[in-house]
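Observations on the model geometry
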Amino acid sequence: MHVLILGGTGEARRLAGLLHGAEVSGLRVTSSLAGRVAAPRMPDGEVRVGGFGGPDGLAHWLRTHEVDALIDATHPFARTISFNAASAAAAAHVPLLALRRPGWVPGDGDRWHPADSLDEAAALLPALGRRVFLTTGRMGLAAFAHLDALWFLMRSVDAPEPPCPARMEVLLDRGPFTLEGEREILRRAAIEVLVTKDSGGAATAPKLAAAREAGIPVVVVRRPPVPDGVTVAATPEEAAAWVRQFSG
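Throughout what follows, the structure given in this document is the object of discussion. Just so you know, these numbers come straight off a predicted model, no measurement behind them.

A word on the nonpolar core. Residues Leu125, Phe144, Phe152 and Val195 are the most contacted members of the largest nonpolar core, which totals 19 residues. At the level of secondary structure, the elements contributing two or more residues to this core comprise helix H4 (118-124), strand E7 (131-135), strand E8 (151-156), strand E10 (193-197) and strand E11 (218-221). Top contributing element to this core by residue count: H4, with three residues. Setting aside residues up to four positions removed in sequence, leucine 125 forms contacts with Val132, Phe144, Leu147, Leu150, Phe152, Val193, Val195 and Val219.

Shown next, in the form of structure tokens:
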């Protein structure tokens, strides 16, 4: 049995490890990484890097490499590849599962401002603060480039490319992050508002707790929906159990 896992997320690596170490005869696991991160953390098992050429290219890869099950374990905001995966799986008649960590839920003391897009998040900022901690990644910075009156601390794994805000400091770092570390960033940079995507998970959640403690408003970009009809698992363990039902 051949399983293809899409995504370089922590959940994808955990799932690859679970399947690679499973006592299932003949189980082959291939992880596909998009190649957008310069030095990705590599999962167990076989690995391929790069795109497929859209849904038709992915469907062709599924057929050519005799994939028996496809798991979309990409980032919750990787909308394009998720919809490509749904289209390709249908075309190749391969069962598809989406592995999605649960989203964050606001708690007592949180000052969250939901947004449906980065553009909408940018529109909210001038009324919330002038010193912004931007944690939405290096893609999509053009949405904030026109906000010349604001100062941004932008954190990402790799350096961003223009267009970017004119007044911006870049912090290159990779999670998981600690509560103490996030507190220090907010204090040192005198942050007045935090911007994040609802990525979910524990690795980057401490920034939300630090913002709550400091009384700082948080603009939270809602995640896109999973394609209609796709089965969803919340944990790598659930995804591994889904795979085992096809292994006989």
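A few words on helix H3 (residues 79-92). For an α-helix, 3.6 residues make a turn, and residues three or four places apart therefore share a direction. Along its 14 residues, H3 runs 20 Å from first to last C-alpha, staying within 8% of the 20 Å computed at 1.5 Å per residue. Among the residues of H3, those classed as buried are Ser82, Asn84, Ala85, Ala86, Ala88, Ala89 and Ala92. Taken from the residues just after H3, histidine 93 is the one with a positive phi, measuring 60 degrees.

This part is about the sheet that holds strand E3 (residues 46-49). Spatial ordering of the open sheet is given by E3-E2-E1-E4-E5-E12, a layout of six strands whose pairing is parallel. At either margin of the open sheet sits one strand with a lone partner, and together these are E3 and strand E12 (231-233). Pairwise comparison of adjacent strand axes, ignoring direction, gives a mean angle of 25 degrees for this sheet. As defined by bridge partners, strand E1 (residues 2-6) adjoins strand E2 (residues 28-33) across five bridges and the pair is classed as parallel. Looking at the pairing, isoleucine 5 lines up with serine 31 of E2.

As enumerated under the stated definition, the model contains three aromatic pairs in all. When the ring of phenylalanine 144 is compared with that of phenylalanine 152, the centres are 6.0 Å apart and the planes differ by 65 degrees; the resulting orientation is edge-to-face. Judged by relative accessible area, which is 0%, phenylalanine 144 ranks as buried. You can call phenylalanine 152 buried: its relative accessible area is 0%. Taking the ring centre of tryptophan 151 as reference, the NZ or CZ of arginine 131 above it sits at 4.0 Å. Seen from the ring of phenylalanine 177, arginine 155 lies directly overhead, with NZ or CZ sitting 3.7 Å from the centre.

Residues Met42, Val47 and Val49 make up a contiguous nonpolar surface patch of about 260 Å² in total accessible area. Locating methionine 42 in the fold gives a position in the loop between E2 and E3.

Pairing is possible between side chains of opposite charge, provided their charged atoms come close. In this structure the tally under the stated criterion is 11 salt bridges. A salt bridge links aspartate 116 to arginine 222, with the nearest nitrogen and oxygen atoms 2.7 Å apart. In this pair, aspartate 116 is assigned in the loop between strand E6 (112-115) and H4 and arginine 222 in the loop between E11 and E12, connecting sequence segments 106 residues apart. Look at aspartate 116 and you get exposed, because its relative accessible area is 51%. A salt bridge links arginine 183 to glutamate 213, with the shortest nitrogen-to-oxygen separation between them at 2.7 Å. With arginine 183 in helix H5 (residues 179-188) and glutamate 213 in helix H6 (residues 206-214), this pair connects stretches of sequence that are 30 residues apart. Residue class for arginine 183 comes out partly exposed when judged on its relative accessible area of 33%.

This part takes up the sheet that holds strand E9 (residues 168-172). The six strands lie next to each other as E6-E11-E10-E7-E8-E9, forming an open sheet whose pairing is parallel. In this open sheet, the two strands that pair with only one neighbour each are E6 and E9. In this sheet, neighbouring strand axes are inclined to one another by 20 degrees on average, regardless of whether the strands run parallel or antiparallel. Here E10 pairs with E11 via four bridges, running parallel. When the bridges of E11 are listed, lysine 197 appears paired with valine 221. Strands in contact with H5 are E7, E8 and E9; relative to E8, the strand with the most contacts, it is inclined by about 155 degrees. Against the sheet, H6 touches E6, E7, E8, E10 and E11, its axis set at about 155 degrees to E10.

Conventions and cut-offs
Residues numbered from 1 in each chain as written. Predicted model: local features only at pLDDT ≥ 70, side-chain atom pairs only at ≥ 80, totals over all residues. Heavy atoms only, no water. Core = buried A, V, L, I, M, F, W, Y, C linked by side-chain atoms within 4.5 Å. Buried < 20%, exposed > 50% of the residue type's maximum accessible area, 1.4 Å probe, protein only. Helix = DSSP H or I, 4+ residues; strand = E, 2+ residues; numbered from the N terminus. Contact = heavy atoms within 4.5 Å. Expected span 1.5 Å × (residues − 1). Pairing = 2+ DSSP bridges. Axes fitted to C-alpha atoms, helices over the stretch in contact; angles between N-to-C directions. Phe/Tyr/Trp six-rings, centres within 6.5 Å; stacked < 30°, edge-to-face > 60°. Lys NZ or Arg CZ within 6 Å of the ring centre and 35° of its normal. Patch = residues over 30% accessible without salt bridge, like charges linked within 9 Å, V, L, I, M, F, W, Y side chains within 5 Å. Areas by Shrake-Rupley, 256 points an atom, 1.4 Å probe, with all protein chains shown as cover. Salt bridge = Lys/Arg side-chain N within 4 Å of Asp/Glu carboxyl O.

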